[in-house]
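Architecture at a glance
Chain by chain, the residues run as shown.
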Amino acid sequence: MIEVDGVPTLFAPSTGRTAAGLIFRVGQADETLPLHGITHLVEHLALHDSGLSDYHYNGETASVYTHFHLRGSESDVVGYLGKVCDGLADLPMHRLETEKEILRTESRTRGGTSALPLWRYGAQGYGLPSYPEWGLARLRPEDLRWWVENYFTRENAVLWIAGDRVPDGLRLRLRPGVRRPVPKPTSALPQTPAWYTGDDTSVVFSAVVRRSTAASVYSGVLERELFRDLRQEGGYSYAASTSCDPRGDGYATVSAYADALPEKQDAVLGGFVDVLARLRHGTIDPAGVTAVQNKSLENLNHPEIEAARLPGHALNLLTGQRNLTVDELRAELSAVTVAQVHAVAVEAYDTALLQTPCRTTADWAGFAAAPTSSECEADGRRYAHREDGEVALVIGPDAASIVREHSCSTVHYADCAAMMSWPDGARRLIGNDGIVLHLEPAMWAMPYQEIGALDAGVGPARHLPQPARDPASIPRPAAAPPAAAPPADGAGNVGEIIAIVLLGLVAAGLGLLTLLGVVVGIASGGAEALDWAFLGCMAVFTAMFATPVVMLLRRRRRRR
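Our subject in this report is the structure included herewith.

Reading the values: the criteria
Residues numbered from 1 in each chain as written. Predicted model: local features only at pLDDT ≥ 70, side-chain atom pairs only at ≥ 80, totals over all residues. Heavy atoms only, no water. Helix = DSSP H or I, 4+ residues; strand = E, 2+ residues; numbered from the N terminus. Rg over C-alpha atoms; globule rule 2.2 N^0.38 Å. Buried < 20%, exposed > 50% of the residue type's maximum accessible area, 1.4 Å probe, protein only. Contact = heavy atoms within 4.5 Å. Areas by Shrake-Rupley, 256 points an atom, 1.4 Å probe, with all protein chains shown as cover. Lys, Arg positive; Asp, Glu negative; His and termini not counted. Charge placed at Lys NZ, Arg CZ, Asp CG, Glu CD. Axes fitted to C-alpha atoms, helices over the stretch in contact; angles between N-to-C directions. Parallel < 35°, antiparallel > 145°, perpendicular 65-115°, else oblique. Left-handed = near helix turned anticlockwise from the far one by under 90°. Nonpolar A, V, L, I, M, F, W, Y, C, P; charged D, E, K, R; others polar. Pairing = 2+ DSSP bridges. Core = buried A, V, L, I, M, F, W, Y, C linked by side-chain atoms within 4.5 Å. Patch = residues over 30% accessible without salt bridge, like charges linked within 9 Å, V, L, I, M, F, W, Y side chains within 5 Å. Salt bridge = Lys/Arg side-chain N within 4 Å of Asp/Glu carboxyl O.

What to know about the overall build of the chain
- When helices and strands are counted, the chain shows 15 helices and 20 strands.
- Its C-alpha radius of gyration of 37 Å places the chain more than 25% over the 24 Å reference for a compact globule of 560 residues.
- Across its three principal directions, the C-alpha atoms of the chain cover 140 × 60 × 40 Å.
- Here the chain holds 560 residues, and 46% of them are scored as buried.
- Restricting to contacts in the chain with at least 6 residues of sequence separation, those with at least 24 account for 73%.
- Accessible surface for the chain amounts to roughly 27500 Å². Of this, 57% is attributable to carbon and sulfur atoms.
- In the chain, the 51 positive side-chain charges and the 64 negative ones have mean positions that sit 5 Å from each other.

So, the packing of helix α7 (residues 265-280) against helix α12 (residues 338-350)
- At a minimum axis separation of 8 Å, α7 and α12 run at an interaxial angle of 130°. Classified by the angle between their axes, α7 and α12 sit oblique to one another. Taken as a pair, α7 and α12 cross one another with a handedness that is left-handed. Taken together, the residues of α12 that come into contact with α7 (itself represented by Leu 276, Ala 277, Leu 279 and Arg 280) are His 342, Ala 345, Val 346, Tyr 349 and Asp 350.
- Within the contact of α7 with α12, the residues separate by chemical class into six nonpolar, one polar and two charged.

A short note on the environment of Gly 21
- Relative to the helices and strands, Gly 21 is located in strand β3 (residues 18-24).
- With 56 residues separating them along the chain, Gly 21 and Val 77 place their C-alpha atoms 9.0 Å apart.
- Contact partners of Gly 21, with chain neighbours within four places excluded, come to His 67, Phe 68, His 69, Val 158, Leu 159 and Trp 160.

Points about the sheet that holds strand β11 (residues 353-356)
- With mixed pairing, the six strands of this open sheet are ordered in space as β9-β10-β8-β11-β7-β12. The open sheet has two edge strands with one neighbour each: β9 (240-246) and β12 (368-369).
- Summarising the sheet, strand β8 (residues 202-210) and strand β10 (residues 251-259) pair through nine bridges and their orientation is antiparallel. Note on β10: the bridge partner recorded for Val 209 is Ala 252.
- Of the strands in this sheet, β8 and β10 are in contact with α12, which crosses β8 at around 115°.

Describing the nonpolar core
- In this structure, Phe 205, Tyr 218, Leu 222, Phe 272 and Leu 354 are the most contacted members of the largest nonpolar core, which totals 46 residues.
- Going through the elements one at a time, β8, α6 (213-233), β10, α7, α8 (286-299), α11 (326-335) and α12 are the ones with two or more residues in this core.
- For Leu 222, the contacting residues outside a window of four places in its chain are Phe 205, Thr 242, Val 254, Ala 256, Val 275, Leu 276 and Leu 279.
- Judged by nonpolar contacts, the second largest core, of 37 residues, contains Ala 20, Leu 41, Leu 81 and Val 148.

Quick look at a nonpolar patch on the surface
- A surface patch of nonpolar side chains, amounting to about 460 Å² of accessible area, comprises Ile 497, Ile 498, Val 501, Leu 502 and Leu 505.
- What makes Leu 505 exposed here is its relative accessible area of 58%.

What about the sheet that holds strand β15 (residues 399-403)?
- The strand order β13-β14-β15-β16 describes an open sheet built from four strands, whose pairing is antiparallel. Because the sheet does not close on itself, it has two edges, and the strands there are β13 (381-384) and β16 (408-412). Pairwise comparison of adjacent strand axes, ignoring direction, gives a mean angle of 15° for this sheet.
- Packing against the sheet, helix α13 (residues 449-458) makes contact with β13, β14 (392-395) and β15, and its axis sits at approximately 130° to β13.

Observations concerning a negative patch on the surface
- Together, Glu 387, Asp 388, Glu 390 and Glu 405 line one region of the surface with negative charge.
- Along the chain, Glu 405 falls in the loop between β15 and β16.

Here's the deal with the pattern of salt bridges
- This structure, assessed with the given rule, holds 27 salt bridges.
- One salt bridge connects Asp 229 with Arg 228, and the closest N-O pair in it is separated by 3.5 Å.
- The structure contains a network of salt bridges with shared partners spanning Glu 225, Arg 228, Asp 229, Glu 233 and Arg 278.

Pasting the structure below:
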């Protein structure tokens, strides 16, 4: 290993055009949610002066690293890397708002991001790649300069070059600094294996295992088994793929994916879990392990293998991980046993996080549901919802909650990753655990001063101001239905009076006839001569006409 201007440099001979890359140990996992997007923005600004060229170059911002790379002539390498370092030393701030817009456009065109990091790590560290780059709007020139001075430094970088030699005249004018360790992982999962519901197009899996050659072999075996069960035999999926990516701290993330049509969701999920369980229980085909080993060994025979491994070696050097020679890797691959693959399969299953298609679960397979609510509610002032009597808002000195009958969403101010705020008073608190509390002030019977309590509790450093919303889009309580208008004077009263008079006359007439029948019967022959059936019928008819009269009179009395 050599150095260029104090930057550790890895070199490997290669034919064709020279390839080179400058990698810094900083990425999205080093950010916070209010600053999310700052590394990506620095990358774009540093590349601005590279402009149009005849050689291929690019930049990449990942979870724990930022990579500037190109392929071209030796003079192209000298010019490109020199411009990148000069751009970092003096970012073109006149391009700040333009590059922010470019990043927003890039975010919309590249599609959605995986939700797996969010569910595993929460709204911090390794979970941030799941979130939009919400920090872009609030980033100022001084924020970017601070970030560059602390992370884009000579001691926090590694250069790699594949070509005939290190080009003459190559300079890397970087500030001095310190090597930055990778962030410590957090967890939003109380237990694993766990599952959560995603979209209706796929089943996605991730696991965190100790980084090893056996782990990469397990990833290959898992892909073979998924492809055979879900594509070749079941015909449920078109694509089934896996990857094994180092996290930089001695662990690796094994990921797997299988697509699914809506009508095949249950079959894909069941087959996917069956493969995971089969490998965990040790039902592993030795021929499959050998096939994966042979394919990996064959790749090591490529004439440009040393050059191809340089970016990975540079990242290992940055993160303090070991680098194997090709011969050492070949020996480790050949020595991997079925038992070692089984051990990784057990570790992977025990740390698994599964995204199931919508309307499906994985609790039937022994997976725990990832939390979608908080364990306890805040202690504070309680306010009613203006439309839903079963929902309450609690605002306290240390936390806030929205409480429902069987669940609650609680965000403690000290553990609030960020709070989005709108000019109309709406607030969205995002906890470090990923729990979200969204508050629309018009929907709650609370004093507006409580919004100030939330703002003070979270603190301005974690505020994410949002643009004003269209007034028509702001939720408001539904208007109460208009009360029935009282009948106009005279119209309703006359009708009621006529009804009372007519019904009352009929009831009175029937009552008199009944009474007259009783008197005549007693006078002519005593009680034994009474026709009780006739008298009973007359009494019933009298009651039928008298009851509406009583009800109408009571209604008129209440109205008065």
